[in-house]
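# Descriptive structure summary
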Amino acid sequence: MLNSFMTNNRRSFIKQAAVLTGAFSATSLFNQAHAEVWKSAERKVAHLTPQQVATDEDFWAEIQRAYTVSPNIINLNNGGVSPSPLVVQQAVERYNQLTNEGPSYFMWRILDQGREPLREKLALLAGALPEEIAINRNSTEALNTIIYGLPLKSSDEVIGARLDYPHMVQAYRARATREGIVYKQLTFDFPIENDEQIVKAYEDAITSKTKLIHVTHIVNYVGQIMPVRKICDMAKSHGIEVIVDGAHSFGLLDFKIPDLNCDYFGTSLHKFLSAPIGSGMMWIKKEKISKVFPLLCDDNPQGADIRKFENLGTRSFPIEQGIGEAVNFQMAIGSKRKEERIRYLKNYWATKVQHLPKVKLHTSLKPEYSCAICGVSVDGVTPAQLDAALFNQYKIHQVSIVFENVSCVRITPHVYTTLADLDKLVKAITEIAGKAT
Ligand SMILES: Cc1ncc(COP(=O)(O)O)c(C=O)c1O
C-alpha cells in the first residue's frame with residue numbers, strides 16, 4: 001500500500017516536473033517572456049509557505065507585469081471573465097495568423113495535433129485522467145451537455161439551489177417542462193459558516209426519487225465556497241450522483257477534481273485560469289461517460305470516449321490551443337500560491353471596510369468559505385447606486401447584484417490586482433459610506 005502510494009506520488013511528481021519543463025521549454029512564448037525573471041523570483045520565495053508568498057509584493061509584481069490591463073480603469077469584476085496575460089493573447093494571435101494562411105490545413109492538420117497534449121496538460125492540472133477531460137467553450141456548454149445528456153425520466157428528482165447559475169437552472173427547468181423531471185431548489189442565506197447546515201439542507205431534500213444533486217462550488221453572487229466534498233460523500237451514501245459547477249473554482253482554488261468525489265464537473269477556463277476568452281472544460285468520471293448522451297452528434301453517442309463531447313463543428317482552434325500557455329502560466333505561479341494571493345487581496349480590502357458605519361459584507365472572510373469574491377453594500381445606497389458611484393467617481397468597475405435574496409456589489413480581484421487599486425477601493429467605499437444618509 002505504502003509502496004504504491006510512493007510510486008503514485010513519484011509518478012505524479014515526474015509528470016508535474018515534465019509539465020513544468022513544458023512551461024519553461026525554450027520555445028514557448030511563456031519562456032521567451034518570463035522564464036528567466038520568474039525563476040529568479042521563485043528562488044527568492046522557494047523557502048516560504050504559500051501564505052507567506054501571498055504578501056510578497058516583489059514576487060507578485062512580476063506576475064502583474066505579465067498582464068496588459070487598462071491603466072485607466074480598475075477592473076474588479078474578474079468573476080465575470082478574466083483577462084489573459086500577454087503570452088496567452090500572443091499565442092492566440094499567432095495561431096490565428098497561422099490559421100489564416102490556409103484554414104483547413106493549418107487548423108485541422110497542424111493545430112489539431114495539439115489537442116491531445118493539451119488534454120494531458122489540463123488533466124494534470126485537474127488531477128484527472130486525460131480520458132476524463134473534454135475541451136469546450138465554457139461552463140454553460142460543459143454543464144448543459146451533462147444536464148441534458150443524463151438519462152433522467154419523468155418524476156426523477158434533481159436538487160439544486162436558488163443561487164445556482166441561471167443557465168443551469170434553466171436547463172433543469174427545460175427538462176422539467178419537456179420530460180417531467182422534478183427540479184427542487186434550496187434557499188440559502190449566505191454567508192453560512194457551517195458545513196453541516198448546508199449538507200443537511202441537501203440531505204433533507206432527498207426522497208426515494210432523487211437521482212441527482214447540482215452544486216455550485218463557489219457561488220458566483222457572493223463567493224461562498226460550498227462544502228462540495230461533504231455534499232458528495234453524503235450523496236454517495238444515498239446512491240445519488242453529483243454535478244459540480246466549477247466555473248469559479250478551477251484555476252482559483254488548489255484542488256484536484258477527483259478529490260471532490262463528484263461525478264461530473266464543468267468549468268470556464270476564461271475565468272480564474274486566465275485562458276483565452278471562450279474556453280472551457282468538462283470532466284466526467286470515467287465509468288460515467290457512456291451514460292451521458294452528447295448534446296451534439298456523435299457516431300457512438302453511448303460510447304465511453306470523452307471525445308464524443310467535442311464534435312462542435314468548426315470553432316476557434318486558436319482559442320483552444322491558447323489554453324496551453326495559460327496552463328504554463330498557472331503551473332509556473334503554483335496553484336496554492338495563487339489561491340492564497342487572491343484570498344489575501346480579498347481580505348486586504350474587505351477587512352479595511354468591514355467595520356465602517358453603514359458598510360456590510362455579504363461574504364464570510366474565513367478562508368474555508370471564501371477566496372476571491374466578496375459582496376459589499378452600504379446602508380441607504382442601492383447596489384445600482386453603489387456600482388454607479390464606484391465607476392463614475394473612482395473608475396472602479398465591478399458588478400451590482402440584485403437577485404433572489406442577494407443585494408450587493410460584487411468585488412473580485414485577480415493576480416494582477418495591485419494593493420494600490422485596492423487602497424483606492426477602500427477610499428471609495430469609505431467616502432461613499434461617509435456621505436450615505
Ligand atoms: C457559477 C457559474 N456557473 C456558470 C457560469 C457560466 O459561465 P460561462 O458564461 O463561461 O459559460 C457562470 C458565469 O459567470 C457562473 O458564475
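Conventions and cut-offs
- Residues numbered from 1 in each chain as written.
- Predicted model: local features only at pLDDT ≥ 70, side-chain atom pairs only at ≥ 80, totals over all residues.
- Heavy atoms only, no water.
- Buried < 20%, exposed > 50% of the residue type's maximum accessible area, 1.4 Å probe, protein only.
- Helix = DSSP H or I, 4+ residues; strand = E, 2+ residues; numbered from the N terminus.
- Arc of directions from axis to C-beta.
- Contact = heavy atoms within 4.5 Å.
- Phe/Tyr/Trp six-rings, centres within 6.5 Å; stacked < 30°, edge-to-face > 60°.
- Lys NZ or Arg CZ within 6 Å of the ring centre and 35° of its normal.
- Domains from an automatic or database assignment.
- Buried area = accessible area lost by both parts, 1.4 Å probe.
- Salt bridge = Lys/Arg side-chain N within 4 Å of Asp/Glu carboxyl O.
- Polar contact = N/O pair within 3.5 Å; in protein donor to acceptor, adjacent residues only side chain to side chain.

## A closer look at helix α11 (residues 228–237)
All buried positions along α11 are accounted for by V228, I231, C232, M234 and A235. Buried residues of α11, viewed axially, fall in a sector of 165 degrees; they line one side. Against the buried residues of α11 lie α10 (195–204), β5 (210–216) and β6 (241–245).

## Concerning the packing of aromatic side chains
Within this structure, the stated rule accounts for 14 aromatic pairs. Residues F30 and W38 carry aromatic rings whose centres are separated by 5.1 Å and whose planes lie at 90 degrees to one another, so their mutual orientation is edge-to-face. Residue W38 is classed as buried on the basis of its relative accessible area of 6%. Taken together, a centroid distance of 5.8 Å and an interplanar angle of 85 degrees make the contact between Y67 and F329 edge-to-face. With Y67 in the loop between α4 (57–65) and β1 (74–75) and F329 in helix α12 (residues 317–333), the pair connects residues that are 262 residues apart, well separated along the chain. Here F329 falls in the buried class, since its relative accessible area comes to 2%. Following the ring pairs from residue to residue traces out a cluster consisting of F30, W38, Y67, F329 and Y416. Residue placement shows K352 over the ring face of Y348; its charged tip is 3.8 Å from the ring centre. Here the guanidinium or amino end of K395 rests over the ring plane of F391, the centre of that ring lying 4.8 Å away.

## Here's the deal with the domain arrangement of the protein chain
For the protein chain, the assigned domains are domain 1 (112–328) and domain 2 (337–435). The straight-line distance from the C-alpha centre of domain 1 to that of domain 2 is 28 Å. Between domain 1 and domain 2, roughly 2,000 Å² of surface is buried when both sides are summed, and carbon and sulfur atoms account for 57% of that area. Across the contact surface, domain 1 and domain 2 share one salt bridge. On inspection of domain 1 and its partner domain 2, the count reaches twelve residue pairs in polar contact (both at pLDDT 80 or more).

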